[in-house]
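Reading the structure
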Amino acid sequence: STESLTTLAAELATADDLELLQGAADLQRYSKDAYDYSPILQPQLESCRADLVVRPLTVAGVERLAAACGRHGVPLTLRGSGTGNYGQSVPLEGGVVMLSGALREVEHLDPSTGVVMVQPGCLMRDLDQHLRAHGRQLRLLPSTWRSASIGGFLAGGSGGIGSIRWGFLRDPGHLLGAELITVEREPRRLQLDATEAEALNHAYGTNGILTRLQLATAPAVNWHQISIDVETWGAAVALLQRCTRSAVELHLATLLERSVLQCLPAWSGPESDRHRLLLLVAPDGVSTLARLAAASGAVLHDLGPEDLGGGQGLRDLSWNHTTLHKRSEDAGWTYLQMLLPEPELPAMEQLKQRWGDALLWHLEGVRQQGAARLAALPLVRWSSTEQLDALMRDCREVGAVLFNPHVITVEDGGLGVVDGDQVAAKHRYDPEGLLNPGKLRGWLESISSPGCPGSPHLSRG
Ligand code: FAD
């Protein structure tokens, strides 16, 4: 209620480790993320507003904030850099938005294992830079890695640059532990091991406030940039697969259909009427890629070692940055995300036949449960909800597994299945359901019907 919010704001204003932002511009700015990539989410979310924005300067400040929200029953939505595409950090029920940006310390890097302990608000660019100074690097990065926070990636992202080698964030082995703060009248600060922390991985900040992450890293590599232009789509897909299944170390393997190239910025490379592969490869793999390209009659451009400073590298054309570039040219485009069925080519050809130029292919080589697979983030010309639904139906019909970017719950953006451990964690760490309300469908089902997965009656406690 307005009364609890006024009391809460007055109480928090007395703490010197909490910054309060209450101006209309701040409330609007921090209530939005990159959901405008979805013409379906846009109208659903644009009127959502925080009543108060709070930036804790210390972990004790986070505890103070969690206690105040717990006492007054005020919703609390966590925010890193607000670059999520599904409204993950949008406060559906108003209340407080917490900014994690001041909690950005890299606390410890174990030189023998490369395991890093970091606060959630640390920008991934800063974390990667810190790691590189010690001979390590992040395993997985979204293409927004320059602006995204590590906590936001862990809680709201899934994979990206590096997924060709390291799979996805929820695969066991990336998140090795976490510290969290519960939301209740007297919040607890808990140290979770890898098994316990798993329930907070990709949970949109619905079941605990992360204040420290323990993550595995990889040895640093000075990645080399290669682009390869290929005449036909079939040959391009075959070459992509030959590259991803060869014994070279890759960090990125993107394939763009020829008409996608036209929307890329001028710095992206020479104009071409061919399909283009974009690869980040370890220096000792360059000659092998050249050999594979020559064998398929393709034109290879060696762009030299990556410059991580400039924001104009091949990684800045990959993953959802491809969508970004297309939308900067024409905002009437949106996208889908899917794992393609095997064999990929007939499925893609079938969809292309039905949807023509309203569907432009963008593929990413990934490791899915240990196997080399192709993910697709096709660009889709927006016309209506019915058309998008029909396209998704067609994709499922040819055997693709969709990860729908036009929905707001954790489950519906994934495989549609409730993760009982995520819901059980919410019952333990956020018993009043104040964290990011409306985003964990399993929680809503568990409180309306106690026999559901994760409900306290069924959970492991
Ligand atoms: P936010 O959007 O601020 O938050 C994400 C989620 O994390 C929210 O639910 C929030 O509540 C939760 N959260 C934040 N802090 C905490 C905390 N301390 N404790 C618990 N929960 C918390 N994503 C990918 O996975 N791969 C990509 O390649 C990729 N490319 C993108 C490209 C573009 C152009 C855009 C616009 C987005 C892309 N994304 C991608 C989505 C997004 O940028 C990333 O997932 C990014 O890592 C999110 O980080 P963030 O700091 O912006 O998080």
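See the structure printed just above.
In what follows, the accompanying structure is described. (Residues numbered from 1 in each chain as written. Predicted model: local features only at pLDDT ≥ 70, side-chain atom pairs only at ≥ 80, totals over all residues. Heavy atoms only, no water.)

**Considerations on helix 4 (residues 59-72)**
- For helix 4, with 14 residues, the first-to-last C-alpha span of 20 Å sits near the 20 Å given by 1.5 Å per residue.
- For helix 4, the side-chain oxygen to backbone nitrogen distance between the N-cap and A60 is 3.4 Å, and the N-cap itself is T58.
- A positive phi of about 65 degrees marks G73, the residue just after helix 4. (Helix = DSSP H or I, 4+ residues; strand = E, 2+ residues; numbered from the N terminus. Expected span 1.5 Å × (residues − 1). Polar contact = N/O pair within 3.5 Å; in protein donor to acceptor, adjacent residues only side chain to side chain.)

**Concerning a nonpolar patch on the surface**
- Taken together, the side chains of V401, L415 and V417 define a hydrophobic patch exposed on the protein surface, amounting to about 290 Å² of accessible area.
- Structurally, V401 is set in strand 22 (residues 401-402). (Patch = residues over 30% accessible without salt bridge, like charges linked within 9 Å, V, L, I, M, F, W, Y side chains within 5 Å. Areas by Shrake-Rupley, 256 points an atom, 1.4 Å probe, with all protein chains shown as cover. Salt bridge = Lys/Arg side-chain N within 4 Å of Asp/Glu carboxyl O.)

**Digging into the packing of aromatic side chains**
- All chains considered together, the criterion is met by one aromatic pair.
- Consider the rings of Y37 and Y335, whose centres lie 6.5 Å apart with planes at 85 degrees: the pair is edge-to-face. Here Y37 is found in the loop between helix 2 (24-29) and helix 3 (41-45), whereas its partner Y335 is found in strand 16 (residues 333-335), with 298 residues between them in sequence.
- Residue Y335 is classed as buried on the basis of its relative accessible area of 1%.
- When the ring centre of W166 is taken as reference, the NZ or CZ atom of R139 above it lies at 3.8 Å.
- Here the guanidinium or amino end of K326 rests over the ring plane of W333, the centre of that ring lying 4.6 Å away. (Phe/Tyr/Trp six-rings, centres within 6.5 Å; stacked < 30°, edge-to-face > 60°. Buried < 20%, exposed > 50% of the residue type's maximum accessible area, 1.4 Å probe, protein only. Lys NZ or Arg CZ within 6 Å of the ring centre and 35° of its normal.)

**Section: the sheet that holds strand 12 (residues 224-230)**
- Spatially, the eight strands line up as an open sheet ordered 15-12-14-13-19-20-17-22, and their pairing is antiparallel. For this open sheet the edge positions go to strand 15 (299-305) and strand 22, each flanked by a neighbour on one side alone.
- In this sheet, strand 20 (residues 371-376) lies alongside strand 19 (residues 362-368) in antiparallel orientation, the contact comprising six bridges. Bridged to V366 within strand 20 is R373. (Pairing = 2+ DSSP bridges.)

**Regarding empty space enclosed by the protein**
- Applying the stated criterion across every chain yields a total of one cavity of 30 Å³ or more.
- In this structure, the largest cavity occupies an estimated 90 Å³ of space.
- Every residue along the wall of the largest cavity is listed here: M124, L138, R139, L140, I150, F153, L169, H174, L215 and A216.
- Counted by class, the lining of the largest cavity contains eight nonpolar, one polar and one charged residues. (1 Å grid on protein atoms, 1.4 Å probe; cavity = no way out; pocket = protein on both sides within 12 Å on 5 of 7 lines; lining within 4 Å. Points joined across faces, edges and corners; volume = space filled by probe spheres on them. Nonpolar A, V, L, I, M, F, W, Y, C, P; charged D, E, K, R; others polar.)

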